[in-house]
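Examination of the molecular architecture
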Amino acid sequence: MVAAGLFCSVNGFLQGHYLLHCAQFDDGWPSSYCYKSGLGLFYLGMAINIHSDHILRNLRKPGEVIYRIPTGGLFDYVSCANYLGEIVEWFGFAVATWSFPAVSFAMFSLCFIGPRALYHHRYQKHS
């Protein structure tokens, strides 16, 4: 948990530092295709993530301890819809900001969350 907190703090610092002190955006950036499509991807990923988390939170009744495979939403198509939403969200942020730190974090998310999603998929297939 400490490592996750440290990672998030360093990532937040790098993202913020780059966007506040290094990035050079002209006045037309908010109307650019890159910014608009990245923002659209970000919001799509956020919506997927929020909806998937809602499904996961309501998967079991209070006090239940059995494992349940989620259904509904994108869980009908992918095993880890919440992970998919997270990855789409960060790639949208990377496209919207067009920054190296954001692309790095999006790739890290894909490389870290992707194998976890594959493991979950294999586990759910055998359950």
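First things first, this report covers the structure right here in the doc. Keep in mind that this is a model prediction, so the values were computed, not measured.

1. Focus on the layout of surface pockets
Using a probe with the size of a water molecule, rolled over the atoms, empty space left in the structure can be pinpointed. By volume, the largest pocket is sized at about 310 Å³. Forming the boundary of the largest pocket are 15 residues, of which Glu 86, Phe 105, Phe 112, Ile 113 and Arg 116 lie nearest the centre. Broken down by secondary-structure element, the contributors of at least two residues to the lining of the largest pocket are α1 (2-22), α2 (33-57), α3 (81-97) and α4 (100-126). Considering every element that reaches the lining of the largest pocket, the biggest residue donor is α4, with 6 residues. For the lining of the largest pocket, the class distribution of residues is 9 nonpolar, 3 polar and 3 charged. As a volume, the second largest pocket reaches approximately 190 Å³. Every residue lining the second largest pocket is counted, 13 residues in all, and those nearest its centre are Leu 56, Leu 59, Tyr 67, Pro 70 and His 120.

2. Thoughts on the pattern of salt bridges
Applying the stated criterion across every chain yields a total of 1 salt bridge. The closest approach of N and O atoms between Arg 68 and Glu 64, which form a salt bridge, is 2.6 Å. What makes Arg 68 partly exposed here is its relative accessible area of 30%.

3. Quick notes on α2
The terminal C-alpha atoms of α2 lie 36 Å apart, and with 25 residues this matches the ideal 36 Å at 1.5 Å per residue to within 8%. For α2, the set of buried residues is Cys 34, Gly 38, Phe 42, Gly 45, Ile 48, Asn 49, Ser 52 and Ile 55. Where α2 is buried, its residues contact α3.

4. Some points on the packing of α3 against α4
Look at α3 against α4: their axes get within 9 Å of each other, and the N-to-C directions meet at 165 degrees. The angle between α3 and α4 places the two elements in the roughly antiparallel class. As for the relative orientation of α3 and α4, their crossing is left-handed in sense. On α4, the residues that touch Tyr 83, Glu 86, Ile 87, Trp 90, Phe 91, Phe 93, Ala 94 and Thr 97 of α3 are Ala 102, Val 103, Phe 105, Ala 106, Met 107, Ser 109, Leu 110, Ile 113, Gly 114, Arg 116, Ala 117 and His 120. Of the residues belonging to the contact of α3 with α4, the class tally is 14 nonpolar, 4 polar and 2 charged.

Rules of the game
- Residues numbered from 1 in each chain as written.
- Predicted model: local features only at pLDDT ≥ 70, side-chain atom pairs only at ≥ 80, totals over all residues.
- Heavy atoms only, no water.
- 1 Å grid on protein atoms, 1.4 Å probe; cavity = no way out; pocket = protein on both sides within 12 Å on 5 of 7 lines; lining within 4 Å.
- Points joined across faces, edges and corners; volume = space filled by probe spheres on them.
- Helix = DSSP H or I, 4+ residues; strand = E, 2+ residues; numbered from the N terminus.
- Nonpolar A, V, L, I, M, F, W, Y, C, P; charged D, E, K, R; others polar.
- Salt bridge = Lys/Arg side-chain N within 4 Å of Asp/Glu carboxyl O.
- Buried < 20%, exposed > 50% of the residue type's maximum accessible area, 1.4 Å probe, protein only.
- Expected span 1.5 Å × (residues − 1).
- Contact = heavy atoms within 4.5 Å.
- Axes fitted to C-alpha atoms, helices over the stretch in contact; angles between N-to-C directions.
- Parallel < 35°, antiparallel > 145°, perpendicular 65-115°, else oblique.
- Left-handed = near helix turned anticlockwise from the far one by under 90°.

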